[in-house]
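Chain by chain, the residues:
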Amino acid sequence: MRIGVDYYPEQWDKSLWRKDAELMAETGVSIVRLAEFAWSRLEPEEGSFDFSWLDEAVQIFSENGIEVVLCTPTNCPPLWLYEKHPEIIQTGADGRRIQIGIRGHRCINSSVFLEYAKRITDEMTRHYSGNSSVIAWQIDNELEAYPCCCEECRADFRNWLIEKYGTVDNINKAFGNSVWSGEYSSITQIQPPSAYPKAWQNPALCLDYWRFTSGCTAEYVRLLSSVIRKNCPGIQITTNTWFCENMPDLYDMFSELDFVSYDNYPPVRIPKNPDEFYSHAFHLDFMRGIKQQNFWIMEQLSGLTGSWAPMAPTPRPGQIKGYALQAIAHGADTVVHFRWRTAITGAEMHWHGILDHSGALNRRYSEFRELCKILPKLEPVNGAEIYSETAILYSPESECAFKIQPQTDGFYYLEQMKYFHAAFTKYGANIDVISSEADLSRYKIVIAPSLYVNNEQVTKKLKRYVSEGGTLVMTCRSGVKDENNNCIMDALPAVFKELVGAEVVEYDPIGWSEQSVAANDGKAFSCKQWCDVLKLNTAESLAEYADSFYKGAPAVTVNKYGRGTAYYIGTVGKMDFYEDFAGKIMEQCGLSKLDGLPTGTEITTRTDGECDYIFIFNNSENDVEINLPETMYSLMDSADKEKVKLKPFEMDVLRK
Ligand code: GAL
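Owing to the predicted nature of the structure, the values given are computational and were not obtained by experimental measurement.

Caption draft 1: Representation of the environment of I237 within the structure. By secondary structure assignment, the location of I237 is in strand β5 (residues 236-238). Once the C-alpha coordinates of I237 and V260 are considered, the two residues, 23 residues apart in sequence, prove to be 9.0 Å apart. In this view, I237 contacts W137, I139, S225, I228, R229, L257, D258 and F259; residues no more than four positions away in its chain are not counted.

Next up, the structure:
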């Protein structure tokens, strides 16, 4: 396990490098990430490479016992390259090349750019091949499935469609192009969905365009990783990702990389309203679920954020240390903090690192140092993994389709997942967030919210999972679209009708307004956004709408299917609904459950097969106290305990 920092030697006077490395080493930093934006220093002129300054920096870190992650600097081509080849610049939906002078504006499909990107990657990886200080490579930086509309992307998209569908006629059929005279009579008429307003464009075209751009991102990663693997056999390769607007299919993008790394910037304000609160742990579990293995944080919150947005409040005492440990609790093995020093120049000078502009050893530094000093105590946890009995399924295609066509005010695909995640967290359960295509056999409970775009394999797998005894939870807006993002001519949830034993006779997108639902056990809940009015086929009703013209119609149902059980929630509740629901199904499925945990307490267990390591995190601004069911050994305090007392954002780790 390692704590590290992101460092930018190219932004600082050389005289600082050694001082910084020495202080890092003394603080307990054991890894640095370098060079993801430094192309202009590494290839100052076309074909003339200068690695001498980076060699010196790597050497200084190495002399201080600090290992290095190097990056392909491909996010920021130098200006001479743009000047010589303006065609490598991304083109916006309006057909205009975007302004250069910032970063990330290269088109990753441009064959010219790719030649230069391969060359710098090749030169750099050959140069550092065999350097024992370099332990991993990061490809580029925060790659997005950017919807570039340059001539090359347009042509590639057309070819991609022809490869997928064979003929223009087949494309017309798949897209339903008879609407609005949208039929292509020649391939040259096919354009990316760049017209305005976006919401009026063909959803089938939009989904395929995303599939294309997402596939290009994954292809780019594969291309650069093959260059790295050729020159540095055996080295670990990753790319750093985040939850961005143009999210690629992360399962695909990471498929040939060795590990996932995530840029983790949890919000520092804890909302008072429990309904607004979800833990950032959802994102951590999501990242672990991409490859279903432990992961890294490549950028971790270190100071107050801002720059392109007004500055946000500074991390509260405990958060620098606590949020890094929270990541470890969810399967991170290395946490690299962004960044050691706050930039004094450039657009990002208000996005704070550990040290402020002055370089003084501040409050955040002290906390960061404490974190580094804790790490040796966690050595026994090294390599231990997280096993969950509950999984939440995520479908990148459904998320994309919901972005293309918003369903109702306030409806947001990840929201229900966050609710479910928070509900299971309340009972101290480990939870996986995994691809809807992943194997489900190890899970007792599978939650599949709003599986909107049909995927035949997934549908078959879910049916098999339930018929073999699994417990599945589905929700509204499932089974709505076929693979082409066109509506299915059937009562909803269409392909899942038989599985859930109920069908939708009418739906009501109520948006921001709230209604109520009465459960069979006498409890009442608010619901919002969407109401599926259900008709029971083989299912039983668990809760009914309590108002509107469909008062008395089922809102939540349960169905026996083969040896298993399928629940259907036809609406979107609030936190209390999900907590109640999760509690009940955990009991029914025989999952162990902790009741009465203080608000904000997050418990996860990592296991190495011999010992369980129980992480108890206080993600709240209050002190909490938890009585343990038996005496346990605390790795943090090196002592046996019967009770855990935690200050705000404090973590304890117990061995069982
Ligand atoms: C990330 C990015 C970093 C830095 C950071 C803070 O998205 O990878 O380079 O910009 O955000 O703004």
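Caption draft 2: Region of interest: helix α8 (residues 203-231). Its 29 residues give α8 an end-to-end C-alpha distance of 43 Å, which sits within 8% of 42 Å, the value for a rise of 1.5 Å per residue. Counting buried positions along α8 gives 23 out of 29 residues, so the element sits mostly inside the fold.

Caption draft 3: Layout of the sheet that holds strand β22 (residues 612-618). Judged by pairing direction, the sheet is antiparallel, and its six strands sit side by side in the order β10-β21-β22-β25-β23-β24 without closing on themselves. The sheet is open, and its two edges are formed by β10 (385-386) and β24 (639-646), each paired on a single side. When β10 meets strand β21 (residues 601-607), the two strands line up antiparallel, connected through two bridges. Bridge pairing in β21 places E385 opposite T607.

Caption draft 4: View of the site of the ligand. All residues in the neighbourhood of the ligand are listed as F37, R103, N141, E142, D263, Y265, E299, W308, F338, E348 and W351. Between the ligand and R103 there is a distance of 2.7 Å, counted from an oxygen atom to a side-chain nitrogen or oxygen. Within the side chain of N141, one N or O atom sits 2.9 Å away from an oxygen atom of the ligand. When the ligand is considered free in solution it has 310 Å² of accessible area, and contact with the protein chains removes 95% of it. In terms of residue class, the shell around the ligand is made up of five nonpolar, one polar and five charged.

Caption draft 5: How the structure looks around unusual backbone geometry. Geometrically, the link from F338 to R339 is a cis peptide bond, its omega value of 0° lying close to zero. You can see R339 is positioned in the loop between β9 (332-337) and α12 (363-374). Residue L492 is joined to P493 through a cis peptide bond whose omega torsion reads 0°. Examined against the element boundaries, P493 turns out to sit in the loop between β14 (471-475) and α16 (497-500). In this model, S307 sits at a positive phi of 135°, which is unusual for a non-glycine residue. Along the chain, S307 falls in the loop between β8 (295-300) and α11 (319-329). Of the residues examined, S307 reaches a relative accessible area of 23% and is grouped as partly exposed.

Caption draft 6: Seen up close, empty space enclosed by the protein. According to the stated counting rule, one finds one cavity of 30 Å³ or more in the structure shown. Quantified by volume, the largest cavity comes out at close to 50 Å³. What lines the largest cavity is simply A281, D285, H330, T425, A429, N430, I431, E602, I603 and T604. Looking at the lining of the largest cavity, the elements with two or more residues in it are α10 (281-291) and β21. With three residues, β21 is the single largest residue contributor to the lining of the largest cavity. Partitioned by chemical class, the residues of the lining of the largest cavity number four nonpolar, four polar and two charged.

Caption draft 7: A look at helix α5 (residues 111-128). Between its first and last C-alpha, α5 extends 26 Å over 18 residues, near the 26 Å set by a 1.5 Å rise per residue. Within the sequence span of α5, burial applies to F113, L114, Y116, A117, I120, T121, D122, M124, T125 and Y128. Looking at the buried residues of α5, the elements they touch are α2 (39-42), α3 (52-63), β3 (67-71), α4 (79-84), β4 (134-138) and α8. Trailing α5 by a residue or two, G130 shows a phi angle of about 85°, which is positive.

Caption draft 8: Just the pairing of β8, in detail. Most of β8 is tucked away: six of the six residues are buried. Strand direction decides the pairing type here: strand β7 (residues 261-264) and β8, joined by four bridges, are parallel. Counterpart to Y262 in the pairing with β8 is I297. Across four bridges, the pairing between β8 and β9 is parallel. Looking at the pairing, I297 lines up with V335 of β9.

Caption draft 9: Looking closely at the domain arrangement of the protein. The domains assigned to the protein are domain 1 (2-144 + 217-381), domain 2 (390-588) and domain 3 (601-655). Distance between the C-alpha centres of domain 1 and domain 2: 37 Å. Taken together, the contact between domain 1 and domain 2 spans 17 residues of the former and 20 residues of the latter. Surface buried jointly by domain 1 and domain 2 totals about 1,500 Å² across both partners, of which 58% is contributed by carbon and sulfur atoms. At the junction of domain 1 with domain 2, the criterion picks out one salt bridge. With its nearest N and O atoms 2.7 Å apart, the salt bridge here joins D432 to R288. In terms of residue count, α10 provides more of the side of domain 1 that touches domain 2 than any other element does, seven residues in total.

Caption draft 10: Main features of the packing of helix α1 (residues 14-27) against α12. Relative orientation of the contacting elements α1 and α12 amounts to 55°, with a least axis distance of 9 Å. The angle between the axes of α1 and α12 places the two elements in the oblique class. Taken together, the residues of α12 that come into contact with α1 (itself represented by L23, E26 and T27) are Y365, F368, R369, C372 and K373. For the contact of α1 with α12, the residue count by class is four nonpolar, one polar and three charged.

Caption draft 11: Quick peek at the layout of surface pockets. A volume near 700 Å³ is recorded for the second largest pocket. G428, S592, L594, I603 and T605 are, among the 30 residues lining the second largest pocket, the residues nearest its centre. With six residues, strand β23 (residues 624-634) is the largest single contributor of residues to the lining of the second largest pocket. Residues that form the lining of the second largest pocket fall into these classes: 15 nonpolar, nine polar and six charged. The residues that make up the lining of the second largest pocket include at least three from each of domain 2 (390-588) and domain 3 (601-655).

Caption draft 12: Seen up close, the pairing of β14. With five of five residues buried, β14 lies mostly within the body of the structure. Because side chains alternate across β14, one face comprises the buried residues T471, V473 and T475, and the other comprises L472 and M474, equally buried. The pairing of strand β13 (residues 445-448) with β14 spans four bridges and is parallel. In the strand pairing of β14, I447 is matched with V473. Taken together, β13, helix α15 (residues 456-467) and β14 form a β-α-β motif whose crossover is right-handed. Where β14 lies against strand β19 (residues 564-569), five bridges are found, and the strand directions are parallel. Bridging across to β19, V473 finds its partner in Y567.

About the cut-offs
- The residue count restarts for each chain, going from 1 along the sequence in the order it is written.
- Totals for whole chains, interfaces and linings use all residues, but because this is a predicted model, local features are given only for residues with pLDDT of at least 70 and pairs of side-chain atoms are given and counted only at 80 or more.
- Hydrogens and water are ignored here; the side-chain numbers use all heavy atoms of the structure.
- Working definition: helices are DSSP H or I runs of at least four residues, strands are E runs of at least two. Numbering for both runs from the N terminus.
- In this analysis, two residues are considered to be in contact whenever any of their non-hydrogen atoms come within 4.5 Å of each other.
- Here the expected span of a helix is defined as 1.5 Å times the quantity of residues minus one.
- Each residue's exposure class comes from its accessible area (1.4 Å probe, protein chains only) as a fraction of the maximum for that residue type: buried when under 20%, exposed when over 50%, partly exposed otherwise.
- Two strands are said to pair when DSSP picks up at least two bridges between them.
- Note on terminology: near, applied to a residue and a molecule or strand, indicates that one of the residue's heavy atoms is within 4 Å of it.
- Side-chain atoms alone can form a polar contact between residues adjacent in sequence; in general such a contact is a pair of N or O atoms within 3.5 Å, and within protein one must be able to donate a hydrogen while the other accepts it.
- Accessibility throughout is a Shrake-Rupley quantity obtained with a 1.4 Å probe, and a residue counts as covered only by protein chains that appear here.
- We call Asp, Glu, Lys and Arg charged. Ala, Val, Leu, Ile, Met, Phe, Trp, Tyr, Cys and Pro are nonpolar, and the rest, Gly among them, are polar.
- In this analysis, the protein atoms alone were mapped onto a 1 Å grid. Cavities are point sets where a 1.4 Å probe fits without being able to get out; pockets are open sets with protein on both sides within 12 Å along at least five of seven lines; lining residues have an atom within 4 Å of a point.
- Grid points are joined across faces, edges and corners, and a volume is the space filled by probe spheres set on the points.
- How far each domain reaches was decided by an automatic or database domain assignment.
- In short, buried area is how much 1.4 Å probe accessible area vanishes from two parts on joining, totalled over both.
- Here a salt bridge means any side-chain nitrogen of Lys or Arg lying within 4 Å of a carboxyl oxygen belonging to Asp or Glu.
- Whenever a helix is involved, its axis is fitted only over the stretch in contact; in every case the axis is a line through C-alpha atoms, and angles between N-to-C directions fall within 0 to 180 degrees.
- Between 65 and 115 degrees an angle is taken as roughly perpendicular, under 35 as roughly parallel, over 145 as roughly antiparallel, and anywhere else as oblique.
- We call a crossover right-handed when, viewed with the strands running away from us, the connection from the first strand over the helix to the second turns clockwise.

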